[in-house]
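# A closer look at the structure
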Amino acid sequence: MSTIKNPVGPQPPSVYWRRRLLLLLVLVAVIVVVVLIVVRPGSGTPSPHATGGSNSASPPASNAATSGSSATACDPSVITLTPITDSASYAAGVQPQLSMSITNSGASACTFDVGTDAQIYLITSGSDQIWSSKDCQTGQTANKQVLQPGKVLSTTPFAWDRTRSSTTTCTGNRPQVTAGGASYHLTVQVGGAKSAAGGKQFVLQ
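Rules and cut-offs
Think of each chain on its own: its residues are numbered from 1, step by step along the sequence as written. A pLDDT threshold of at least 70 governs which residues receive local features in this predicted model, and a stricter bar of 80 or more applies before side-chain atom pairs are shown or counted, although totals over entire chains, interfaces and linings include all residues. With hydrogens and water set aside, each side-chain value is computed from the structure's full complement of heavy atoms. A patch consists of residues whose relative accessible area exceeds 30% and which take part in no salt bridge; residues with like charges are grouped when within 9 Å of each other, and nonpolar side chains (Val, Leu, Ile, Met, Phe, Trp, Tyr) when within 5 Å. Each accessible area value is a Shrake-Rupley result obtained with a 1.4 Å probe; residue values ignore everything except the protein chains displayed when judging cover. The term salt bridge refers to a pairing of a side-chain nitrogen on Lys or Arg with a carboxyl oxygen on Asp or Glu at a separation within 4 Å. Secondary structure follows DSSP: runs of H or I at least 4 residues long count as helices, runs of E at least 2 residues long count as strands, and numbering of each begins at the N terminus. Pairs of residues are marked as contacts when any of their non-hydrogen atoms sit within 4.5 Å. Here, a disulfide means two cysteine sulfur atoms that sit within 2.5 Å of each other. Working definition: with a 1.4 Å probe on protein chains only, accessible area under 20% of the residue-type maximum means buried, over 50% means exposed, and in between means partly exposed. The predictor rates its confidence in each residue with pLDDT, a number between 0 and 100. The criterion for an aromatic pair is that two Phe, Tyr or Trp rings (for Trp, the six-membered ring) have centres within 6.5 Å, with stacked assigned to planes under 30 degrees apart, edge-to-face to planes over 60 apart and tilted to the rest. To form a nonpolar core, buried Ala, Val, Leu, Ile, Met, Phe, Trp, Tyr and Cys residues must be joined to one another through side-chain atoms within 4.5 Å. When DSSP finds two or more bridges between two strands, those strands count as paired. Two N or O atoms count as a polar contact when they lie within 3.5 Å, although within protein this holds only if one can serve as hydrogen donor and the other as acceptor, and sequence-adjacent residues are included solely when both atoms are side-chain atoms.

## As for a nonpolar patch on the surface
- Among the surface-exposed residues, Leu21, Leu24, Leu25, Leu27, Val28 and Ile31 lie close enough to one another that they form a single nonpolar patch of about 580 Å² accessible area.
- For Ile31, the location among the structural elements is in helix α1 (residues 13-39).

## Structural notes on the environment of Gln176
- Take Gln176: it is sitting in the loop between β10 (158-159) and β11 (182-190).
- Through-space distance from the C-alpha of Gln176 to that of Arg162 is 5.8 Å; in sequence the pair is 14 residues apart.
- Ignoring any residue separated from it by four or fewer positions in sequence, one finds Gln176 in contact with Asp161, Arg162 and Thr163.

## Remarks on the state of the cysteines
- In total, this model carries 2 disulfides according to the counting rule given.
- Residue Cys74 pairs covalently with Cys110 via a disulfide, S to S 2.0 Å. Negative torsions about the S-S bond denote left-handed disulfides, and the value of about 95 degrees found for Cys74 with Cys110 makes this one right-handed. On the criterion of sequence distance, the pair formed by Cys74 in the loop between β1 (65-67) and β2 (79-85) and Cys110 in strand β5 (residues 110-113) is long-range, its members being 36 residues apart. Summarising the burial analysis for this pair, Cys74 and Cys110 share the class buried.
- Bridging Cys136 to Cys170, the disulfide has an S-S length of 1.8 Å. With the S-S bond torsion at -85 degrees, the cross-link from Cys136 to Cys170 turns out left-handed. Here Cys170 lies in the loop between β10 and β11 and Cys136 lies in the loop between β7 (128-132) and β8 (144-147), a separation of 34 residues in the sequence.
- Here Cys136 falls in the buried class, since its relative accessible area comes to 15%.

## Considerations on the confidence of the model for the protein chain
- With 73% of its residues at a pLDDT of at least 70, the protein chain reaches an overall mean of 82.
- This stretch, residues 38-54, has a pLDDT under 50; its non-local contacts, to residues over four places away or in other chains, come to 16 contacts.

## What about the environment of Gly139?
- With respect to the helices and strands, Gly139 occurs in the loop between β7 and β8.
- On the basis of relative accessible area, Gly139 is assigned to the partly exposed category, the value being 47%.
- It is 8.4 Å that separates the C-alpha atoms of Gly139 and Thr116, two residues lying 23 residues apart in sequence.

## Regarding the packing of aromatic side chains
- Counted under the stated rule, the structure contains 6 aromatic pairs.
- Plain terms: the ring middles of Trp160 and Tyr184 are 6.0 Å apart, the flat faces sit at 70 degrees to each other, and that makes the pair edge-to-face. In this pair, Trp160 is assigned in the loop between β10 and β11 and Tyr184 in strand β11, connecting sequence segments 24 residues apart. The burial state of Trp160 is the same as that of Tyr184; both residues are buried.
- Connected via pairs of aromatic rings, a cluster forms that spans Tyr90, Trp160, Tyr184 and Phe202.

## Some thoughts on unusual backbone geometry
- Phi at Arg162 is positive, roughly 65 degrees, even though this residue is not glycine.
- Mapped onto the secondary structure, Arg162 falls in the loop between β10 and β11.

## What about the nonpolar core?
- Counting residues in each nonpolar core, the largest one holds 28 residues, and the members touching the most others are Ile102, Ile123 and Trp160.
- For this core, the elements supplying multiple residues, two or more each, are β2, β4 (97-104), β5, β6 (119-125), β7, β11 and β13 (200-204).
- Among the elements that take part in this core, β11 stands out by supplying 5 residues, more than any other.
- Residues in contact with Ile102, not counting those within four places in the same chain, are Ile79, Thr80, Leu81, Val114, Leu147, Lys151, Val152, Leu153, Thr155 and Val190.

## Looking at the pairing of β7
- Examined bridge by bridge, β6 and β7 share 4 bridges and lie antiparallel to one another. In the strand pairing of β7, Ser125 is matched with Asp128.
- Adjacent in sequence and paired antiparallel, β6 and β7 are bridged by 2 residues, among which Gly126 carries a positive phi angle near 65 degrees.

## Topic: the side chain of Gln137
- Within the secondary structure, Gln137 is located in the loop between β7 and β8.
- One polar contact links the side chain of Gln137 to the main-chain carbonyl oxygen of Thr116, over a distance of 3.1 Å.
- Of the polar contacts made by the side chain of Gln137, one reaches the side chain of Lys134; its length is 2.9 Å.

This is the structure:
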């Protein structure tokens, strides 16, 4: 069995022991640097936050956008919004599922807030505003995304409960809207961008 011998040389043993300790510390530092380079802690990307509820605008759910802010801000005029319902006509008691698509119609990638704090869903009948997602919305969040040109970003559908909304009826019972063949229109907004006038028509039976 080998044993550690005292250093032999012209200088005191303490000098050689200090040199060995210094060499050992340098070796440990090199190992730590190599491990940090390989592991690269903190490089993960947080996932988008989603919220629910009948008065919550829906979060984006598409590969057409990526988190980040390296691109310039989008001009709202290049953002095309399309309101979406899951059907053109709904039987009595069936709740329409509302969503939208967001498309960067410009020539280059740009940054745009597509979070629930920026989304607005409006349901109208003629000139009468029936329901707004902003009237009683809670838990809204910002979600800045880099929108790639020509790619479509779709939001997650949520249910409209077929009631008329207002900021004064958030905690009470809301009146049901007229059905029996009545038609309604869904329009959407995100930031300064708006869908085309008229929006998406649907019928409640």
